[in-house]
Amino acid sequence: MGKALVRQLQDMPNCAVSGGTEPEGSPFLGADIGEVAGVGRLGIPITRDPLELFVRSEGVLDFTSPEASAEHAMFAAQARIVHVIGTTGLSHEQEDRVQAAARHAVVVKSGNMSLGINLLASLLRKAAAVLDADFDVEVLEMHHRMKVDAPSGTALMLGKSVADGRQIGLDGNSVRSRDGHTGVRRRGDIGFATLRGGDVIGDHTVIFSGVGERLEFTHRASDRALFANGAIKAALWGQGKPPGIYSMEDVLGL
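Residues numbered from 1 in each chain as written. Predicted model: local features only at pLDDT ≥ 70, side-chain atom pairs only at ≥ 80, totals over all residues. Heavy atoms only, no water.

Of the regular secondary structure elements, the chain holds nine helices and nine strands. Taken over the C-alpha trace, the chain has a radius of gyration of 19 Å; the compact-globule value for 254 residues is 18 Å, and the two agree within 12%. Structurally, the chain occupies a C-alpha span of about 60 × 40 × 35 Å along its principal axes. Split into buried and exposed, the 254 residues of the chain put 46% on the buried side. Accessible surface, the chain: about 13200 Å² in total, of which carbon and sulfur atoms supply 51%. (Helix = DSSP H or I, 4+ residues; strand = E, 2+ residues; numbered from the N terminus. Rg over C-alpha atoms; globule rule 2.2 N^0.38 Å. Buried < 20%, exposed > 50% of the residue type's maximum accessible area, 1.4 Å probe, protein only. Areas by Shrake-Rupley, 256 points an atom, 1.4 Å probe, with all protein chains shown as cover.)

Here is the structure:
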């Protein structure tokens, strides 16, 4: 994603790359960020310390790790800049730190930065409000073999859209795994199934399964550039906005 962000920023006349970070031990530390991204030398070395970078930036595009994103949120609050978070899998404590940072920074946070996924989330809320619990809901997702969290942040985001449409809580009405003698499916549950393999960027399908009919909503990502475009759009949208937590649906006016 870091490479995709740099490539997309280079193609936008109203944006400029101010720098980039990598964790300790990364082979990219000290390398030119443009050369790593494949756009040619930019004269900007990749660093381990984000503090100086945040001070001289107007926005930060963050697709890192939960630990790093929570730390970055504090830096964004100090610098009072836009912080776009595409990282998933944050703990409750890390989410609280992001919420605290949003008192001073404009935070745009989403489980997925794509236009299509956020439109899908909006459609799912409407579908779930119409199709009651007689329709069983299953969320199926597949990602590349290197993804470390499951279900994906996008799958949880879509499941929450269904829960919101039915005016129920997701935590108390979701099933994350099934194994052995599970008994019959509980009415109203929102099920999740996770697949991992190869280099799949991200496939998500939400199934409403009733008696005699089934409705499926599917989104497939084939290029990480779509997430980079969404993140950059969010950073530009956030300029001049009051501090707070925003979503991609806010950015897109959904």
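Let us look at the sheet that holds strand β5 (residues 174-175). An order of β5-β6-β4-β7-β8 is seen for the five strands of this open sheet, with the pairing classed as mixed. Two strands in the sheet have a free side with no partner beyond their single neighbour: β5 and β8 (214-221). Two elements, β5 and strand β6 (residues 190-196), share two bridges in a ladder whose sense is parallel. The residue bridging Val175 from the neighbouring strand is Gly191, located in β6. Packed on one face of the sheet, helix α6 (residues 115-130) meets β7 (202-209) and β8 and runs near 165 degrees to β8. (Pairing = 2+ DSSP bridges. Contact = heavy atoms within 4.5 Å. Axes fitted to C-alpha atoms, helices over the stretch in contact; angles between N-to-C directions.)

Moving on to the packing of aromatic side chains. With the rule as written, the count across this model stands at three aromatic pairs. Between Phe208 and Phe217, the aromatic rings sit 5.9 Å apart at their centres with planes inclined by 70 degrees, giving edge-to-face as the arrangement. On the basis of relative accessibility, which here comes to 18%, the residue Phe217 falls in the buried class. Here Trp237 and Tyr246 contribute two aromatic rings whose centre-to-centre distance is 5.2 Å and whose plane-to-plane angle is 80 degrees, an arrangement assigned as edge-to-face. Across the ring face of Phe192, the terminal group of Arg176 is positioned such that the distance to the ring centre comes to 5.4 Å. A cation over a ring is seen here: Lys241 above Trp237, with NZ or CZ 4.5 Å from the ring centre. (Phe/Tyr/Trp six-rings, centres within 6.5 Å; stacked < 30°, edge-to-face > 60°. Lys NZ or Arg CZ within 6 Å of the ring centre and 35° of its normal.)

Moving on: helix α1 (residues 2-10). Within α1 the residues assigned to the buried category are Ala4, Leu5, Val6, Gln8 and Leu9. Next to the buried residues of α1 lie α2 (33-37), β1 (59-62) and α8 (225-238).

In this structure, the second largest pocket spans a volume of roughly 980 Å³. In terms of lining, the second largest pocket is formed by 31 residues, of which the most central are Glu95, Lys109, Leu156, Met157 and Lys160. Broken down by secondary-structure element, the contributors of at least two residues to the lining of the second largest pocket are α5 (92-101), α6, α7 (153-166), β9 (244-246) and α9 (248-252). Here the element with the most residues in the lining of the second largest pocket is α7; it accounts for six residues. (1 Å grid on protein atoms, 1.4 Å probe; cavity = no way out; pocket = protein on both sides within 12 Å on 5 of 7 lines; lining within 4 Å. Points joined across faces, edges and corners; volume = space filled by probe spheres on them.)

Turning our eyes to something else, we now look at α6. For α6, which comprises 16 residues, the first-to-last C-alpha distance of 23 Å matches the rise-based estimate of 22 Å (1.5 Å per residue) to within 8%. Contacts from the buried residues of α6 go to α7, β7, β8 and α9. (Expected span 1.5 Å × (residues − 1).)

Another point: the packing of α6 against α7. Closest axis-to-axis distance for the α6/α7 pair is 7 Å, and the angle between their directions is 30 degrees. Compared by their axis directions, α6 and α7 come out roughly parallel. The chirality of how α6 crosses α7 is right-handed. Between α6 and α7, the contacting residues are Ile117, Asn118, Leu120, Ala121, Leu124, Arg125, Ala128 and Ala129 on the first element and Thr154, Met157, Leu158, Ser161, Val162, Asp164, Gly165 and Arg166 on the second. Of the residues in the contact of α6 with α7, the class split is nine nonpolar, four polar and three charged. (Parallel < 35°, antiparallel > 145°, perpendicular 65-115°, else oblique. Left-handed = near helix turned anticlockwise from the far one by under 90°. Nonpolar A, V, L, I, M, F, W, Y, C, P; charged D, E, K, R; others polar.)

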